[in-house]
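# Residue-level structure breakdown
Here is what each chain is made of, one letter per residue.
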Amino acid sequence: MSGLAARFELERGAFTLDVDFELPARGVTTLSGPSGSGKTTILRCLAGLERPRSGSLSLDGERWFDSVGGLDRPPHRRSVGYVTQTAHLFPHLDVRDNLLFGLRRVRERAPALSLESLAEPLGLRSLLERSVANLSGGERQRVAIGRALLASPRLLLLDEPVSALDLAAKGEVLEAIERVLCDLTVPCIYVSHDLREAARLADRMIWLDGGRIVAQGPVRDVISNPRLPFAQDEDAESLLIGKVTAIDQEAGLACVAFPGGELWIATTELPHEAEVRVQIRARDVSIALERPKAISVLNILPGTITDLTQVKASPSQVLVSLEVGQSRLLSRITRRSARELGLTVGLHAWALVKSAAITK
Amino acid sequence: MDLSPFWLSIRLSITVTAILLLLGLPLAWWLARTRSPARAFVEAVVALPLVLPPTVLGFYLLLLLGPKGPLGPLLEALDLRLVFSFPGLVVGSVIYSLPFVVNPLKNTFREIPEGQLESAATLGAGPLDRFLRVVLPLSASGAVTAAVMGFAHTLGEFGVVLMIGGNIPGETQVVSIAIYDHVEQLEYAEAHVYSAGLLVFSMVVLVLLYSSGRARRQARFR
């Protein structure tokens, strides 16, 4: 069996962790949930830094942990890349030796990556001879990620790698992460509170609450699940993943086909056939019962209402879920509009999305 | 002027410091990291020489290691005479100076962030590898402090040495005992030479230690 299969149970005072999940052999999974929901504990159990009371863990059919057989492979024999908020670079080594620390300890197989191949995407070239004491926060995180990847991990764990950084550094490190993750051939778990990070990087998502998995699946389904806190957020959004099928140079628009329809978005910089992730804020989606005519909105998508949820933070608003083909769109409208239109589950409706409001 | 007490003191201090480092490094590492309930007991035993009069320690060592002591038959079988001999001085001094080596090491080890060691572990470094390649380099200044403290403390030791070693010139008569000997015989000139020698030596060592330790500490854990 390829991929990862994990089941962990453990108690820490009043907190109980009880999770059971599988990950495919490659791809990025975002692990999200409120503080104290057990995200870091799961990563530490995967890395072997913490021992669950019971459970099992295997990667590509190889057992790393099994409470029944008393098997617990120590962290240094697991090949796990683990990067946390704090880079934990070794202060007695320069950047190059930090990067090579894990590479020099790769056993039983050839290292998957060379320092040369990572220097470019992570922007490490100018840092190599420097002492780690005078690196910036963003530089430290890029070195930490490079160091973890050079050890040829069979599982990559990123625990909020950008959350301690300022806004500028966050953007810079996220771009670097995006560049290295797309070439990654092992499973990766990315812990994040941030909806936009998840929408940008992840293929799958696991939502954790109180030590239990509440939802998991493709990121576009989980992110727009009206029952989960992301959808309740002021900036709640739906994620559509599609391909560029046409570009209107003169209008400055690109057409993206996704399972269920087409969208025009305001960009021409994308190559033809490129896979794009289109994030649409729920606030930017209006609803009509009939297809409107003579309207400035370019994207008018037919769908069926699958859910109506009250927005907890603002009593005047409701969240409408629309099934558009195989995709889900969230729309945040006033309760009054919903009542006047008589919106109910099962009703056919049109979603109106301004091209100017769509971010790529 | 007989310089043999000087040489004996230095030989004793070097031997004891080497043994203390070999013993102290793993012991201090264990004390700094363990959650075992035995830790408090072991820490207390290590710290005993700090509070006990050296003569108490020397007295019990004399009884323990003497020919009629509990370890007497064993030592005899091994053809090892520990009382009133140089090896006896080494044993006594190692025990007496242990806290001066273990405590600075323990404090340095505790300063190393757990995350550094966990990073090293996930990067493929096993326990011994982590200790040699991460812990020791990061503890260099603490280890130097520990070694110097052990050395200097052994050099100045009196009570334990007198109890277990006696005062045999060339065999167990170290500087501190030679000073006492000369003062008792009112030979102040000789006492002065030994005393001033120790004073200057200790001062030089401490100045060197403090001036190098500060520079090294500033470069850590940023």
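This structure is a prediction, so every number in the text was calculated from the model and none was measured.

Turning our attention to the overall build of chain B. Counting secondary structure elements, chain B contains eleven helices and zero strands. Taken from the N to the C terminus, the helices and strands of chain B come in the order α-α-α-α-α-α-α-α-α-α-α. Taken along the three principal axes of its C-alpha coordinates, chain B extends 65 × 45 × 30 Å. Here chain B, with 222 residues, has 36% of them falling under the buried criterion.

So, about the interface of chain B and chain A. Between chain B and chain A, the contact holds 18 residues from the first and 20 residues from the second. Taken together, the elements giving at least two residues each to the side of chain B that touches chain A come down to helix 6 (114-122) and helix 7 (127-138) of chain B. Here the side of chain B that touches chain A is built from residues that sort into nine nonpolar, six polar and three charged.

Before going further, it helps to spend a moment on the pairing of strand 13 (residues 253-258) of chain A. For a regular strand, side chains alternate in direction, first toward one face of the sheet and then toward the other. Residue and element names in this part refer to chain A. Covered by surrounding structure in strand 13 are A254, V256 and F258 only, the residues L253, C255 and A257 on the alternate face being uncovered. Of the strand pairs in this sheet, strand 12 (residues 237-248) and strand 13 are connected by five bridges, and their pairing is antiparallel. Note that in strand 13 the partner of I247 across the bridge is A254. Counting the residues in the hairpin turn of strand 12 and strand 13 gives four residues, including G252, whose phi is positive at 75 degrees. Sheet topology places strand 13 next to strand 14 (residues 261-265); five bridges connect them, and they run antiparallel. Bridge assignment links V256 to a residue of strand 14, and that residue is L263. Hairpin connection of strand 13 to strand 14: two residues between the antiparallel strands, including G260 at a positive phi of 125 degrees.

Here we take up the sheet that holds strand 11 (residues 212-218) of chain A. Residue and element names in this part refer to chain A. In space, the six strands of this open sheet follow the order 7-8-9-3-10-11, with mixed pairing throughout. Two strands in the sheet have a free side with no partner beyond their single neighbour: strand 7 (80-83) and strand 11. Strand-to-strand twist of the sheet, defined as the mean angle between neighbouring strand axes without regard to direction, takes the value 15 degrees. Relative to strand 10 (residues 204-209), strand 3 (residues 27-32) runs parallel, the two sharing four bridges. Within strand 10, the position partnered with L31 by the bridge is I206.

Now for the sheet that holds strand 5 (residues 62-66) of chain A. All names here are of chain A. Here we have five strands laid out as an open sheet, ordered 2-1-4-5-6, and antiparallel in their pairing. Only two strands of the sheet have a single partner each, and these edge strands are strand 2 (15-23) and strand 6 (71-72). By the bridge criterion, six bridges tie strand 1 (residues 4-12) to strand 4 (residues 54-59) in an arrangement that is antiparallel. Opposite L4, over in strand 4, you have L59 as the bridge partner. Across the sheet, helix 1 (residues 39-47) lies against strand 1, strand 2 and strand 4, angled at about 120 degrees from strand 1, the strand it touches most.

Phi is positive for A:S79, which is not a glycine, with a value near 55 degrees. Within the secondary structure, A:S79 is located in the loop between strand 6 and strand 7.

With that settled, the discussion passes to the environment of A:R77. Mapped onto the elements of the fold, A:R77 is located in the loop between strand 6 and strand 7. Along the backbone, A:R77 and A:R196 are 119 residues apart, and their C-alpha atoms lie at a distance of 34 Å.

A separate point is the confidence of the model for chain B. Residues and elements named next belong to chain B. Across chain B, the average pLDDT comes to 89, with 95% of residues at 70 or higher. When mean pLDDT is compared element by element in chain B, helix 6 scores highest at 96, while helix 11 (residues 188-217) scores lowest at 82. Low pLDDT, under 50, characterises residues 218-222; the stretch is placed with seven contacts to residues that sit more than four places away or in other chains. Quick note on the complex model: pTM equals 0.84, ipTM equals 0.84.

Residue and element names in this part refer to chain A. Compared with the 21 Å implied by 1.5 Å per residue over 15 residues, the 21 Å span of helix 5 (residues 167-181) between its first and last C-alpha is a close match. Among the residues of helix 5, those classed as buried are V173, L174, A176, I177 and L181. One side of helix 5 carries all its buried residues, which in axial view fall inside an arc of 165 degrees. More than 90 degrees from the buried face of helix 5, the exposed residues found are A168 and E175. On the buried face of helix 5, the contacting elements are strand 3, helix 4 (137-150), strand 9 (187-191) and helix 6 (195-201).

It is worth spelling out the nonpolar core at this point. Core analysis: the largest hydrophobic core is formed by 149 residues, its most contacted members being A:L46, A:L157, A:I223 and A:A351. Sorting elements by how many residues they give to this core places helix 5 (residues 86-111) of chain B first, with ten residues. When residues no more than four places from it in sequence are discounted, the contact partners of A:L157 are A:L43, A:L46, A:A47, A:V80, A:G81, A:Y82 and A:I189.

Glancing now at helix 4 of chain A. Along an α-helix, residues three or four apart share an orientation, since each turn contains 3.6 residues. All names here are of chain A. The end-to-end C-alpha distance of helix 4, which contains 14 residues, comes to 20 Å, matching closely the 20 Å that a straight helix rising 1.5 Å per residue would cover. Taking burial as the measure, the 14 residues of helix 4 include 13 buried ones, the bulk of the element. One or two residues past the end of helix 4 sits S152, with phi positive at roughly 50 degrees.

Conventions and cut-offs
Residues numbered from 1 in each chain as written. Chains lettered and ligands numbered in written order. Predicted model: local features only at pLDDT ≥ 70, side-chain atom pairs only at ≥ 80, totals over all residues. Helix = DSSP H or I, 4+ residues; strand = E, 2+ residues; numbered from the N terminus. Buried ≥ 20, exposed ≤ 12 C-beta atoms within 10 Å, placed from the backbone. Contact = placed C-beta atoms within 7 Å. Nonpolar A, V, L, I, M, F, W, Y, C, P; charged D, E, K, R; others polar. Pairing = 2+ DSSP bridges. Axes fitted to C-alpha atoms, helices over the stretch in contact; angles between N-to-C directions. pLDDT = per-residue confidence, 0-100. Expected span 1.5 Å × (residues − 1). Arc of directions from axis to C-beta. Core = buried A, V, L, I, M, F, W, Y, C linked by C-beta atoms within 7 Å.

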